[in-house]
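Read off the chains here:
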Amino acid sequence: MQVSEAVARRKSVRAFLDDRVDAERLAPLIETAGRAASGGNLQPWHVTLLTDGGMERFRAMMSARIASGRVDSPEYPVYPSPLAEPYRSRRFAVGEAMYARLGIPREDKAKRLDWFARNYRFFDAPAGLFLSVERDMGAAQWTDLGGFLATLMLLIVEDGLASCPQEAWVVHHRAVADFIDMPDSQMLFCGLAIGHPDPNAEVNGLETARAPVEEWLKILSE
């Protein structure tokens, strides 16, 4: 598969088949993703992979936590506040497009919340991982995390699987940290759901729009 093909195919998948994906399949992809560019070769990423019984135990823990209504104060803002244009409109549009595919109108807040809560089951994917970083790292090292994550997601596509990056875990970072025994010196960045995409799930047909290149690319050739 060409890299350009993997880029074109990659998207956030939110419905997965029950087919098992074991650690032996995913570990080499994660290791290869460790070749992602990293300023000063710091390689600041820390990864914890959940599969099989580990995933089952994690979902049971999260199910009880969600039922209790417990949430954590986010350790970092996922979006700036206020979110300026055109970014606010882009975020709104993709959310509305997704809920339209699911047939959940804006006024049905309960169903929208129920759907969002699927984040905390990794969208029922058979595997998932958490990506963390040392707390004393700065913005440049967080950029490295993005490079690692993007590289891994493309390798996942090449392997015939799909994924969904999830910053939604920011409100359950303490529960995640306790479960995976993450040191206090580390900070949770995101999760990544991994599995075989369900071809019959309407939500997986969502194709997000991209701004025209003329809107954000400047070329100085003289």
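Further up the page is the structure itself.
Residues numbered from 1 in each chain as written. Predicted model: local features only at pLDDT ≥ 70, side-chain atom pairs only at ≥ 80, totals over all residues. Heavy atoms only, no water.

Visitor: Explain the pairing of strand β3 (residues 162–166) to me, please; I cannot follow it from the model alone.
Guide: Regular strands place side chains that alternate from one sheet face to the opposite one. With four of its five residues buried, β3 lies for the most part within the structure. Across five bridges, β3 lies against strand β4 (residues 186–195) in antiparallel orientation. Residue pairing across strands places C164 opposite A193, the latter belonging to β4. (Buried < 20%, exposed > 50% of the residue type's maximum accessible area, 1.4 Å probe, protein only. Helix = DSSP H or I, 4+ residues; strand = E, 2+ residues; numbered from the N terminus. Pairing = 2+ DSSP bridges.)

Visitor: Would you explain unusual backbone geometry in this entry?
Guide: Peptide bonds are trans in most cases, and residues, glycine excluded, mostly fall at negative phi. Here S81 and P82 are connected by a cis peptide whose omega angle stands at 0 degrees. Considering the arrangement of structural elements, one finds P82 in the loop between α3 (52–68) and α4 (87–102). For the bond running from E85 to P86, omega is 5 degrees, close enough to zero to count as cis. With respect to the helices and strands, P86 occurs in the loop between α3 and α4. The phi dihedral of F123 falls on the positive side, at around 55 degrees, and the residue is not glycine. Within the secondary structure layout, F123 lies in the loop between α5 (109–116) and β2 (127–134). In this structure F123 comes out as buried when scored by relative accessible area, which is 2%.

Visitor: It is not clear to me how the sheet that holds β4 should be interpreted in this structure. Could you clarify?
Guide: Pairing is antiparallel in the open sheet, where four strands are placed in the order β1-β2-β4-β3. Looking at which strands have only one partner, the edges of the open sheet turn out to be β1 (46–51) and β3. Sheet twist, expressed as the average angle between the axes of neighbouring strands with direction ignored, equals 20 degrees. The pairing of β2 with β4 spans eight bridges and is classified as antiparallel. Within the sheet, the bridge partner assigned to F130 lies in β4 and is G191. (Axes fitted to C-alpha atoms, helices over the stretch in contact; angles between N-to-C directions.)

Visitor: Please explain α4 as it appears in this structure.
Guide: Working note: α-helix, 3.6 residues per turn, so residues spaced by three or four point in the same direction. Taking 1.5 Å per residue, 16 residues should reach 22 Å; α4 reaches 23 Å between its end C-alpha atoms and fits that length. All of the buried residues in α4 are G95, M98 and Y99. In an axial view of α4, the angular spread of the buried residues amounts to 95 degrees, which keeps them on one side of the axis. As for α4, its buried residues are in contact with α5. (Expected span 1.5 Å × (residues − 1). Arc of directions from axis to C-beta. Contact = heavy atoms within 4.5 Å.)

Visitor: Sorry, what's going on with the pairing of β2 here?
Guide: Extensive coverage of β2 is indicated by the burial of seven of its eight residues. Note that β1 and β2 share six bridges and pair antiparallel. Across the sheet, the residue bridging to V47 is L131, located in β2.

Visitor: Would you take a moment to explain the packing of helix α2 (residues 23–33) against helix α6 (residues 139–158) for this structure?
Guide: Helix-helix packing is described using two parameters, namely the angle between the two axes and the distance between the axes. Look at α2 against α6: their axes get within 9 Å of each other, and the N-to-C directions meet at 140 degrees. If you check the angle between α2 and α6, you find them oblique. Crossing handedness for the pair α2 and α6: right-handed. Counting all contacts with α2, which are made through L29, I30, T32 and A33, the residues of α6 involved are F148, T151, L152, L155 and I156. Within the contact of α2 with α6, the residues separate by chemical class into seven nonpolar, two polar and no charged. (Parallel < 35°, antiparallel > 145°, perpendicular 65-115°, else oblique. Left-handed = near helix turned anticlockwise from the far one by under 90°. Nonpolar A, V, L, I, M, F, W, Y, C, P; charged D, E, K, R; others polar.)

Visitor: What is the right way to read the state of the cysteines from this model?
Guide: Note on terminology: a disulfide is the covalent bond linking the sulfur atoms of two cysteines. Enumeration according to the criterion identifies zero disulfides in this entry. Free cysteine: C164, not disulfide-bonded; nearest cysteine sulfur from C190 at 10 Å. A relative accessible area of 2% means that C164 is categorised as buried. (Disulfide = S-S within 2.5 Å.)

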